[in-house]
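The lines below spell out each chain.
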Amino acid sequence: MNKSDKPSYGDIAHAIAKGILGSLPGGSFAAEFFNLIISPPLEKRKAELINDMNGRLTELQEKGSINFEHLSENPDFIDVVLKVTSKIIQTSDEEKKKCFQNVIVNTALGEMPEKSQAEIYLNILSDFTVWHLKILIFINNPSRWMKKNNKNLPNRSNSSIYDILIYAFPELASMEDLINYIWKDLHSLRFQDSPSIYTTMTIEGVTENRTTNFAKDFLRFITDNGDI
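Residues numbered from 1 in each chain as written. Predicted model: local features only at pLDDT ≥ 70, side-chain atom pairs only at ≥ 80, totals over all residues. Heavy atoms only, no water.

A. Region of the structure containing the environment of Glu43. Take Glu43: it is sitting in helix 2 (residues 27-63). Considered as a pair, Glu43 and Ile89 are 46 residues apart in the sequence and their alpha carbons are 9.0 Å apart. (Helix = DSSP H or I, 4+ residues; strand = E, 2+ residues; numbered from the N terminus.)

B. Representation of unusual backbone geometry within the structure. The backbone of Asn150 sits at a positive phi, close to 55 degrees, despite the residue not being glycine. If you trace the backbone, Asn150 turns up in the loop between helix 8 (142-148) and strand 1 (158-159). Of note in this structure, Arg190 is not a glycine but carries a positive phi near 65 degrees. The topology assignment puts Arg190 in the loop between helix 10 (176-188) and strand 2 (201-202).

C. Up close: the packing of aromatic side chains. For the structure on display, the rule yields 12 aromatic pairs. Considering the side-chain rings of Phe138 and Phe169, the 5.7 Å spacing of their centres and the 70 degrees angle between planes classify their relative orientation as edge-to-face. On the criterion of sequence distance, the pair formed by Phe138 in helix 7 (residues 130-140) and Phe169 in the loop between helix 9 (161-168) and helix 10 is long-range, its members being 31 residues apart. For the pair Phe138 and Phe169, one class covers both residues: buried. Seen from their ring centres, Tyr162 and Tyr198 are 5.4 Å apart, and the 40 degrees between their planes marks the pair as tilted. With Tyr162 in helix 9 and Tyr198 in the loop between helix 10 and strand 2, this residue pair connects regions lying 36 residues apart in the sequence. (Phe/Tyr/Trp six-rings, centres within 6.5 Å; stacked < 30°, edge-to-face > 60°. Buried < 20%, exposed > 50% of the residue type's maximum accessible area, 1.4 Å probe, protein only.)

D. Structural view of helix 10. With 13 residues, helix 10 extends 18 Å between its outermost C-alpha atoms, agreeing within 8% with the 18 Å of an ideal straight helix rising 1.5 Å per residue. Residues of helix 10 that are buried: Ile179, Asn180, Ile182, Trp183 and Leu186. Taken down its axis, helix 10 places every buried residue within 165 degrees of arc, on the same side. Across from the buried face of helix 10, at angles greater than 90 degrees, the exposed residues are Asp177, Tyr181 and Lys184. Packing partners of the buried residues in helix 10 comprise helix 7 and helix 9. (Expected span 1.5 Å × (residues − 1). Arc of directions from axis to C-beta. Contact = heavy atoms within 4.5 Å.)

E. Structural view of the nonpolar core. With 51 residues, the main nonpolar core has Leu136, Phe138, Leu165, Phe191, Phe218 and Ile222 as its most contacted residues. Filtering out sequence-adjacent residues up to four positions away, Leu136 remains in contact with Phe128, Leu186, Phe191, Thr211, Ala215, Phe218 and Leu219. (Core = buried A, V, L, I, M, F, W, Y, C linked by side-chain atoms within 4.5 Å.)

F. Layout of the pattern of salt bridges. Overall, the coordinates contain seven salt bridges when judged by the stated rule. Between Arg56 and Asp224 there is a salt bridge, and its shortest N-O distance comes to 3.6 Å. Within this pair, whereas Arg56 is found in helix 2, its partner Asp224 is found in the segment after helix 12 (213-222), the two being separated by 168 residues in sequence. By relative accessible area, Arg56 is classed as buried at 18%. One salt bridge in this structure joins Asp79 and Lys115, with 3.2 Å as the shortest N-O distance. A residue pair is termed long-range when its members are at least 10 positions apart, and Asp79 in helix 4 (residues 75-89) and Lys115 in helix 6 (residues 115-127) qualify at 36 residues. Owing to a relative accessible area of 28%, Asp79 belongs among the partly exposed residues under this scheme. According to the relative accessible area criterion, Lys115 is partly exposed, its value standing at 37%. Via salt bridges that share partners, Asp76, Asp79 and Lys115 belong to a single interconnected network. (Salt bridge = Lys/Arg side-chain N within 4 Å of Asp/Glu carboxyl O.)

Here it is in structure tokens:
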């Protein structure tokens, strides 16, 4: 068998899934359903990932920032690519897909945290919702986020973290429970060290950086050239 004829990890996973589905009651229907409904978008996502990453990595190679031959011999890079590829295919959220792609690029550039820490960050990113990411990026530097998104600071003397989050993301106004859940998540992960979002303080106080160094390392790992 030629190298090009060898089944990929995706092919093997596909075959295993088909076998499992085929063994279930009504299995032939389930397997056909997988082929018709699940397989096409899965293949599309894989193709999109390959095209996107090929473009970004080729550009870096042409700039002399990376070397494909060296990357192919770098076990840490290969580990990250294998782990991240499966995670990208599992999500339809464009923000998360971009973050996972950034992980591959940053690892290729040698901008990777300690290996165990990188694995922890990948698991956290996989579990995060898009709102986790948006809120985390916002509280990392609220003033910078406001400027980048063409928003002026609220014209008031006092406010709270909750108020500033609603101001930045009006769509969250009816989702207070979600905000609290995410805030507690970020606190338990040691990504931010402010237990309450309701404490009243000055505008300068609520727009202070609230992320920990652990969170900053995470953001550098998942953003494009550390653009946070």
